[in-house]
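# Tertiary structure, described
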Amino acid sequence: MNYSKPKRKKYFSSKLMAKKNRDLFVKPGIKGFVCTCNGNEKQCIRESYNILNEYADQLYGEEKKPDESKSGTSVEDDVMDEFQKEVDAMKSQTAEKTRRFQARNTDIINCIFVETTLNDPVSLVHHMMTDLFEMKQKKVRFLLRMVPIEATCRAFMDDILKTANSLFEKYFSNEPTTYAIMFNKRNNSNLERDVVIEKLAAIVQEKNKEHKVRLNNPNLTIIVEIMRKICGIAVVRDYYRFSKFNLHSICGIDKTEIENVVKAEKAKDPTAKGEATDETEEPFNDCEAIDQADHSADCKAASEDLEGDSTAVDQMERKSATEKNITSSGDCQTAKKIDPPRDSTTVDDADVTEKSE
């Protein structure tokens, strides 16, 4: 008889897990914020939640949490009551998933998308940047930039133009204004920057031909963020005034200030390895300058003396040559004196005396 082991029941469904993972990625038809960080994505998500909830509570009030007291109100232990409890628990879980801010995966390093249920994410970011610009108070460490996104679509030219056409009705169909287009592309090679900018500018001109392009501090800035297969579009104000929505630069934190802090820390510890204080550097530089000046003066004086007396130079050369020949030979007494070759330009005193005789 063939004995076979019974098949184990599969509690893990690959289809359900694939659907669950698919829901965690960015998809078309949502609003949110593109957040960039400097390497620590978990801390970046935490800081994004904190700062978004802080300013969202100021504008819209605190977020309403699902009421858990409704589930399990019955006392009977019937099957229908147990089933109702499970249904209520599932509803509470789905309610928790659809919170005001929810991070989604972009499959891009140092780039996170935070989905929101708010209707106007641009006004929230503008309120945030205005407060940071006035207070000059740093509230984040890992989060670098936060850009609002009003609409998302697939990263194809037809979908981008269709989404942009419906979005531009709100901003460019009235009075003429100045605008600029900011295009950022990540992990996508199908779209070309110049082509997208030209077609978006054509849509703006169709709304009103009096709109003008101004790359330096425009009134409206069109932001286009390409993230693999998804495109995010938004129209914002004061983009350059708020340092392109950089949360560190808007607080006045520049590279020069960081360098000054590092120099101050090094000055406190003068015994650091490979470092020298200003007190030790200044005397060394002065001594070196004095030595160089003395050396240059000596060389100048020597050159003047040598130019004045050409015969002394010839005698010195002859003497050095004879000393070399004597030391190279074995017997110093039988060494022959060898004169160096004469230069055609110089005339010896001996030649001059012979001709005179």
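Residues numbered from 1 in each chain as written. Predicted model: local features only at pLDDT ≥ 70, side-chain atom pairs only at ≥ 80, totals over all residues. Heavy atoms only, no water.

- By the naming in an unreviewed UniProt entry, the protein chain goes by THUMP domain-containing protein and is assigned to Parthenolecanium corni.
- Recorded under Sequence similarities (unreviewed entry), the UniProt text for the protein chain is reproduced unchanged: "Belongs to the THUMPD1 family." (UniProt positions renumbered as here; feature names shortened; annotations may be inferred.)

## So, the sheet that holds strand β4 (residues 143-149)
- Reading across the sheet, the four strands line up as β2-β3-β1-β4 and stay open at both edges, with antiparallel pairing between neighbours. Taken across any chain shown, the strands that pair with only one partner, and hence form the sheet edges, are β2 (101-104) and β4. Neighbour-to-neighbour, the strand axes of this sheet turn through a mean angle of 25°, independent of strand direction.
- With six bridges joining them, strand β1 (residues 31-37) and strand β3 (residues 111-116) adopt antiparallel strand pairing. (Pairing = 2+ DSSP bridges. Helix = DSSP H or I, 4+ residues; strand = E, 2+ residues; numbered from the N terminus. Axes fitted to C-alpha atoms, helices over the stretch in contact; angles between N-to-C directions.)

## Quick notes on the packing of aromatic side chains
- Under the definition given, this model contains six aromatic pairs.
- Ring plane angle 50° and centroid distance 6.2 Å describe the contact between F33 and F101, whose orientation is recorded as tilted. In this pair, F33 sits in strand β1 while F101 sits in strand β2, placing the two residues 68 residues apart along the sequence.
- Of the residues examined, F101 reaches a relative accessible area of 6% and is grouped as buried. (Phe/Tyr/Trp six-rings, centres within 6.5 Å; stacked < 30°, edge-to-face > 60°. Buried < 20%, exposed > 50% of the residue type's maximum accessible area, 1.4 Å probe, protein only.)

## Some remarks on the packing of helix α2 (residues 41-60) against helix α4 (residues 121-135)
- Between α2 and α4, whose axes approach to 10 Å, the crossing angle comes to 105°. Comparing their axes, α4 and α2 come out roughly perpendicular. For the pair α2 and α4, contact is made by I51, L52, Y55, A56, Q58, L59 and Y60 and by S123, L124, H127, M128, D131 and L132, respectively.
- Tallied by class, the residues present in the contact of α2 with α4 amount to nine nonpolar, three polar and one charged. (Parallel < 35°, antiparallel > 145°, perpendicular 65-115°, else oblique. Contact = heavy atoms within 4.5 Å. Nonpolar A, V, L, I, M, F, W, Y, C, P; charged D, E, K, R; others polar.)

## A closer look at the confidence of the model for the protein chain
- When pLDDT is averaged across the protein chain, the result is 75; 58% of the residues are at 70 or more.
- Scored below 50 in pLDDT, residues 330-340 shows ten contacts in the model against residues more than four places distant or in partner chains.
- Counting contacts from residues 342-357, a segment whose pLDDT is below 50, to residues more than four positions away or on other chains yields seven contacts. (pLDDT = per-residue confidence, 0-100.)

## Observations concerning the nonpolar core
- With 41 residues, the main nonpolar core has F33 and L52 as its most contacted residues.
- Those elements that provide at least two residues to this core are β1, α2, β2, β3, α4, β4, β8 (220-227) and β9 (230-237).
- Excluding residues that lie within four positions of it along the chain, F33 makes contacts with L52, F101, I112, F113, V114, T116, P121, L124, V125, M146, V147 and P148.
- Membership of the second largest hydrophobic core comes to 26 residues, among which are L167, Y179, I181 and V204. (Core = buried A, V, L, I, M, F, W, Y, C linked by side-chain atoms within 4.5 Å.)

## Some thoughts on the environment of S166
- Relative to the helices and strands, S166 is located in helix α5 (residues 157-172).
- Counting along the chain gives 15 residues from S166 to A151, while the straight-line C-alpha distance between them is 9.9 Å.
- At a separation of 2.9 Å, a polar atom in the side chain of S166 contacts the main-chain carbonyl oxygen of T163. (Polar contact = N/O pair within 3.5 Å; in protein donor to acceptor, adjacent residues only side chain to side chain.)

## Notes on the pattern of salt bridges
- Under the definition given, this model contains eleven salt bridges.
- With a shortest N-O distance of 2.9 Å, K139 and E54 are connected by a salt bridge. With K139 in the loop between α4 and β4 and E54 in helix α2, this pair connects stretches of sequence that are 85 residues apart.
- Three or more residues joined by partner-sharing salt bridges are found here, namely E54, D131 and K139. (Salt bridge = Lys/Arg side-chain N within 4 Å of Asp/Glu carboxyl O.)

## Here we look at the packing of α5 against helix α6 (residues 193-207)
- Two elements in contact, α5 and α6, have axes separated by 10 Å at closest approach and are oriented at 35°. Crossing of α5 against α6: the hand is right-handed. Across the interface between the two elements, M157, I160, L161, A164, N165, F168, E169 and F172 of α5 pack against V195, V196, K199, L200, I203, V204 and K207 of α6.
- Within the contact of α5 with α6, the residues separate by chemical class into eleven nonpolar, one polar and three charged. (Left-handed = near helix turned anticlockwise from the far one by under 90°.)

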